[in-house]
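As a plain string of letters, each chain reads:
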Amino acid sequence: MTVYFIGAGPGDPELVTVKGQRLIRACPVILYAGSLVPPEVLAGNSAELVVNTADLDLDAIVALLAHAHAKGQDVARVHSGDPSLYGAIGEQIRRIRGLGIPYEIVPGVTATAACAATLGCELTLPGVSQTVILTRYATKTSMPAGEQFGDLARHGATMAIHLGVRHLARIVDELRPHYRDDCPIAVVYRASWPDEERVVGTLADIVEKVAQTDIERTALILVGHVLAAEQFAESTLYAPNP
């Protein structure tokens, strides 16, 4: 048997990969993160056991994986977005490795990609930013040395900030020394879901704009001059031959 850590994508059930969908429909056991994975992603499954793990702790989840292993049953372990980014799969993998349980990671569409799509922009533009930093804002868990928010922001690159909308005012204060007040910033709530909401502004006004909404969680912050750039060099990819 194999435990498949499957990225369900950002929310739209059509954004799960073909491989992920095939495995979800074929595996006899499905464990899914129900707080962020819509039930529609599981459509067409024939599993004999489907468990929403939103209220389970790590021990309970590993016990279910071990039980399936003992029965020789493949498991679709379904996470939101791409499981390798803030998916908490590392701790599960460490446990099942110790138990000799095989696993495979199936990538998924990231929330960052979904936000860029809904905003209709490219996150890397020649002469504006060729780097995207995916990070989170430190609250309960501290950041490793060299990854403090200011250390990352000083690059002036495009940033995708997870788990930070409740601390938006503090984030803006830390961004301002490294980006101009007119730097574009967007807060996207539940990108690609039916109730998706976008708030677009600048570092000067985004806090006030978001305060006028009910957005408190499940939102990604994108910041960078690429979000509104009009003056940028064309790439060499489609340049005519000299």
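Everything here concerns the structure above.
Residues numbered from 1 in each chain as written. Predicted model: local features only at pLDDT ≥ 70, side-chain atom pairs only at ≥ 80, totals over all residues. Heavy atoms only, no water.

K.L.:
Sorry if this is basic, but what is going on with the packing of aromatic side chains here?
P.N.:
Two aromatic rings are characterised by how far apart their centres lie and by the angle between their planes. By the definition in use, this model includes 2 aromatic pairs. Judged by centre distance (6.2 Å) and plane angle (75°), the rings of Phe-5 and Tyr-103 are edge-to-face. Of the two residues, Phe-5 sits in strand E1 (residues 3-7) while Tyr-103 sits in strand E5 (residues 103-106), which places them 98 residues apart along the sequence. A relative accessible area of 0% means that Phe-5 is categorised as buried. For the ring pair Tyr-137 and Phe-149, a centre distance of 5.4 Å and an interplane angle of 80° mean the geometry is edge-to-face. Remark: Phe-149 occurs in helix H5 (residues 149-153) and Tyr-137 occurs in the loop between strand E6 (132-136) and H5; sequence separation between them is 12 residues. Judged by its relative accessible area of 5%, Tyr-137 falls in the buried class. The lysine or arginine in question, Arg-190, covers the ring of Trp-193, its NZ or CZ lying 3.8 Å from the ring centre. (Phe/Tyr/Trp six-rings, centres within 6.5 Å; stacked < 30°, edge-to-face > 60°. Helix = DSSP H or I, 4+ residues; strand = E, 2+ residues; numbered from the N terminus. Buried < 20%, exposed > 50% of the residue type's maximum accessible area, 1.4 Å probe, protein only. Lys NZ or Arg CZ within 6 Å of the ring centre and 35° of its normal.)

K.L.:
I tried to follow the sheet that holds strand E3 (residues 49-52) on my own but got confused; where do I start?
P.N.:
Sheet strands pair by backbone hydrogen bonding; their relative direction is either parallel or antiparallel. Ordered by their spatial adjacency, 5 strands build an open sheet running E3-E2-E4-E1-E5, and the pairing between neighbours is parallel. Each having just a single partner strand, E3 and E5 make up the two edges of the open sheet. The average undirected angle you get between the axes of adjacent strands in this sheet is 15°. Sheet strands in contact with helix H2 (residues 58-70) are E1, strand E2 (29-32), E3 and strand E4 (75-79), and its direction is about 165° off that of E2. (Pairing = 2+ DSSP bridges. Axes fitted to C-alpha atoms, helices over the stretch in contact; angles between N-to-C directions. Contact = heavy atoms within 4.5 Å.)

K.L.:
For this particular structure, what's the right way to read helix H3 (residues 89-98)?
P.N.:
An α-helix turns once every 3.6 residues. As a result, residues three or four positions apart point the same way. Listed as buried for H3 are Ile-89, Gln-92, Ile-93 and Ile-96. The buried residues of H3 occupy an angular sector of 100° when projected down its axis, which confines them to one face. Exposed residues pointing more than 90 degrees away from the buried face of H3 are listed as Arg-94 and Gly-98. (Arc of directions from axis to C-beta.)

K.L.:
What is the right way to read the pattern of salt bridges from this model?
P.N.:
A side chain with one charge may pair with a side chain of the opposite charge, provided their charged atoms come close. Scanning the entire structure with this criterion turns up 9 salt bridges. Residue Glu-104 is joined to Lys-19 by a salt bridge in which the shortest nitrogen-to-oxygen separation is 2.6 Å. Taken together, the residues Glu-104 in strand E5 and Lys-19 in helix H1 (residues 18-26) connect sequence positions 85 residues apart. Here Lys-71 makes a salt bridge to Glu-48, at a shortest N to O gap of 3.6 Å. A residue pair is termed long-range when its members are at least 10 positions apart, and Lys-71 in the loop between H2 and E4 and Glu-48 in the loop between E2 and E3 qualify at 23 residues. A relative accessible area of 57% means that Glu-48 is categorised as exposed. Within the structure, one salt-bridge network assembled from shared partners comprises Asp-173, Arg-176 and Asp-181. (Salt bridge = Lys/Arg side-chain N within 4 Å of Asp/Glu carboxyl O.)

K.L.:
Could you clarify how one ought to interpret the pairing of E1 in this entry?
P.N.:
As a general feature of sheets, a regular strand has side chains that alternate between the two faces. Counting buried residues along E1, 5 of its 5 residues qualify, which places the element largely inside the surrounding structure. Both faces of E1 are covered, namely the face carrying Val-3, Phe-5 and Gly-7 and the face carrying Tyr-4 and Ile-6. Where E1 and E4 come together, 5 bridges link them in parallel fashion. Paired with Val-3 across the strands is Val-75, a residue of E4.

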